[in-house]
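Coordinates in review
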Amino acid sequence: MASQVQELRFRGPTNVPSKPKPPPAPRHAGILQDQLRRAQRRPWAPSFSLAVRILFLIRVSGAMYSNIDDCDEVFNFWEPLHFLDQGYGFQTWELSPKYALRSWAYVLLHILPPRVGKLLLAGDKRVAFFAVRIFLAAISVPVEAKLYRTIVDKINERVGRYYFFMMLFSAGMWNASTSFLPSTFAMFTSTLAFSYAFAPTTSKDSRRTLAATLLFATGGIVGWPFALALAIPFIFEELFVYGADVVTPEAKLSWLSKRWTRMIGAGLAASLLFIPVIGIDSLAYGKLAIVPWNIVRYNIFGGSERGPDLYGTAPWNFYLNNLVINFNCILPLALISLPALVVTYFVDRKRLGVFTPTANQSSPFTLLALRLAPLYLWLGILTSQPHKEERFMFPAYPLLCFNAAVTVYLMRGWLEVVFIKVTKSPYKASQSLLFRNFTFSLVVASSLISISRIIAQWHYYHAPLTVAFDFQMTEIPRLLNATGLLPVYPANTPEEDKPRIDLTPVKEFDLKLCLGKEWYRFPGSYLIPSGIRVEFVKSEFDGMLPRHFEESALKTGGNGQGLLGEVAKKWWLRPQTSYVPQDLNDLNKEDLSHYVPVDECDYLIDLDFPLHPITSPLEPRYATMNETWERVFCHPFLDARNSFVLTRIFWLPGEIWRSKNEFGDYCLLKNRKRVEEKEVEIVTRRRGY
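Description of the structure in this document. (Residues numbered from 1 in each chain as written. Predicted model: local features only at pLDDT ≥ 70, side-chain atom pairs only at ≥ 80, totals over all residues. Heavy atoms only, no water.)

As for helix α5 (residues 125-154)
Cut-off, in case you're wondering: Where helices and strands are cited, they refer to DSSP runs of H or I of at least four residues and of E of at least two residues respectively, numbered from the N terminus. To estimate how far a helix should extend, the number of its residues minus one is multiplied by 1.5 Å. Polar contact is defined as a pair of N or O atoms within 3.5 Å, subject to the rule that within protein one atom must be able to donate a hydrogen and the other to accept it, and that residues adjacent in sequence are counted only when both atoms are side-chain atoms.
In this model α5 runs 44 Å from its N-terminal to its C-terminal C-alpha over 30 residues, within 8% of the 44 Å that 1.5 Å per residue would give. Where α5 begins, the capping side chain belongs to D124, and its oxygen is found 3.1 Å from the backbone nitrogen of R126.

Things to note about the packing of helix α17 (residues 364-383) against helix α18 (residues 397-423)
Going by this rule: Whenever a helix is involved, its axis is fitted only over the stretch in contact; in every case the axis is a line through C-alpha atoms, and angles between N-to-C directions fall within 0 to 180 degrees. An angle below 35 degrees is treated as roughly parallel, one above 145 as roughly antiparallel, one from 65 to 115 as roughly perpendicular, and anything else as oblique. For any helix crossing, the convention is left-handed if the near helix is rotated counterclockwise from the far helix by under a right angle, and right-handed if that rotation is clockwise. Contact criterion: two residues are considered in contact whenever any of their non-hydrogen atoms come within 4.5 Å of each other. Throughout, the ten residues Ala, Val, Leu, Ile, Met, Phe, Trp, Tyr, Cys and Pro are labelled nonpolar, Asp, Glu, Lys and Arg are labelled charged, and all others, Gly among them, are labelled polar.
Where α17 contacts α18, the two axes come as close as 9 Å, and the packing angle between them is 135 degrees. Comparing their axes, α18 and α17 come out oblique. Both α17 and α18 take part in a crossing whose hand is left-handed. Contact residues: α17 offers L368, R371, L372, P374, L375 and Y376, while α18 offers L399, L400, F402, N403 and V406. Considering only residue class, the contact of α17 with α18 consists of nine nonpolar, one polar and one charged.

Some words on the sheet that holds strand β5 (residues 603-608)
Heads up, the condition is: For two strands to be treated as a pair, DSSP must find at least two bridges joining them.
What the five strands build is an open sheet, ordered β3-β2-β5-β7-β6; its pairing is mixed. The open sheet has two free edges, formed respectively by β3 (533-536) and β6 (629-638), since each of these has just one partner strand. Across this sheet, the average inter-strand angle for adjacent strands is 25 degrees, counted without regard to direction. In the sheet, strand β2 (residues 512-515) pairs with β3 via four bridges, with the strands oriented parallel. Opposite L513, over in β3, you have V534 as the bridge partner.

So, the packing of aromatic side chains
Describing an aromatic ring pair means giving the distance of the ring centres and the angle of the ring planes. Just so we agree on the cut-off: Pairing of aromatic side chains here covers Phe, Tyr and the six-membered ring of Trp, requires ring centres within 6.5 Å, and sorts the geometry by plane angle: under 30 degrees stacked, over 60 edge-to-face, intermediate tilted. For every residue, the accessible area (1.4 Å probe, protein chains only) is compared with the maximum for its type, and the residue is labelled buried under 20%, exposed over 50%, or partly exposed between those bounds.
Applying the stated criterion to the full structure yields 47 aromatic pairs. Aromatic side chains F83 and F549 sit 4.2 Å apart centroid to centroid with 15 degrees between the ring planes, which places their arrangement in the stacked category. In this pair, F83 is assigned in helix α2 (residues 71-86) and F549 in the loop between β4 (547-548) and α22 (563-571), connecting sequence segments 466 residues apart. Each of the two residues, F83 as well as F549, counts as buried.

Describing the pattern of salt bridges
Stated formally: A carboxyl oxygen of Asp or Glu within 4 Å of a side-chain nitrogen of Lys or Arg is what we treat as a salt bridge.
Tallied over the entire structure, the rule returns 38 salt bridges. The partner of R521 in a salt bridge is E518, and the shortest N-O contact between them spans 2.6 Å. R521 sits in the partly exposed class, given a relative accessible area of 23%. Taken together, the shared-partner salt bridges connect D70, D72, E94, R102, E389 and R391 into one network.

Remember, this is a structural readout, not a statement about activity or role.
Quick look at the structure:
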């Protein structure tokens, strides 16, 4: 029996024009091309603004909590900045006008944050210290984000995403991004330069050439001249590689002429940077000073008696060991990036670009190889030098993450090829989660290991900064309170109504804080309250220690040569920088005038390992001399020599992991007799006896 149900169907209006469908998104035109899901939604990658916000949180955290790992950072840069800002600090031999190996122009770039900090919270120099670090973090963030977005746009979206998260959680970048060092400055400028250089060169785009050249030159002239080596592949590409150009044999000569002319013009424009740098340095030193040349001359042409080898040498594998600690599995991935590219050329060639290059074009293989080459070049140059330091690798840290990100992407491509060959189904490959899980696992694993390393550095080696904090925030207020130099408020006064403690009266004590064998872990004068003199006492170290900058006004322009010295006296912030001290040398020979007797010290910072004590006549165990020295504060500091290798490098929660490590006591010690006498003297003086 037929159904009696009737159906009504309504049609939409036919007199309204239908909206055209939006055109499909253009195919990504980067050097590396996805082979699966190309017609679907693009891979997710954070926008520039989102990347900036995420990076800012991490980098500012690094500014607040990272350690100072290099005494060169303190004595060659924090102390000169402190001298410009406060009028006193330590001077190394490199800052003597006789040698002029450190650029005052570079130091001067950082003078604004301490001045702002002084306005926000006068009387507390710690604010200035962290203001400089946050300033460095604020520079690093957009620079990193700019290169990240360039990788997304010009290389591949997935490569950019891998790079972003590798950089974000890297233990190496945690330290490098907020270090007050020329190598960090060179890292900033080189990273920004590569954000232009990673785009394929073309004769139609002079902006790329000029911007990258100026940035590379800025890093070399203002920061560290050896960082210019990173620009060699860029210069080679500019002069000899077609890039995005299509050049016929007939036009090659004119093309070469145009490229060379453009590169030389950009180089000449960049050389103008020498003018302000030489001008500022000459003003500071009171004589003509070309600091980049002085650095090159000392390090390369210093002769057998001078040179960086005086300050220690390291085996060839020093950087590999250090990079494994800071970048874990990212390092081997970065080192195999060029071989991985060769493998991809043979097994997955379609991934290399959207077209097949002709003899008149550059292949994507060549362009990508040139972008992977700077890391190999930099690592090769540094490894060949006997003198090695962790900070020398800073300019290449972003490149390390880039090379590793490329390798991860190429390995993903190999998996896709194998999967399709086995299943004979591109559709199944496009639906599989295998490839995503593979890359996700690599990036997450490297991030977790890096976080473990960051936490380990704080737990194991943060004691010098913690002791300085306790000295200012607890011990000095105790002294002032015990001697009546702090105002007394009614007992019911709310804490928020009490003004910040003014530490300036501490100058009445004329205190000396001394450093012996721990001189190289001194965190800098910004973390020691004004009015306290920092001095060195003799230890087993027999090299050249810094001296105090000349603090008295100079009758002339220092020891400057003629007119420059007089100009420095009138126009430079601290004309005393032109004074030529006689107790500094470039041979790393000790000068005994830089020490004070230990019995003149009111406070002493020392490290003691009670389970494995080390003592000598010049380095007694002060922390155990209870009759003379009182332990004011002690914090654990890792005894690396007697700890298990994995547990001393990384941190994990739990007593089992911690039990593999041994710790010493990093202590602030007080000279009982001297401090007590000064307390009594000030109390007596205040009572008018």
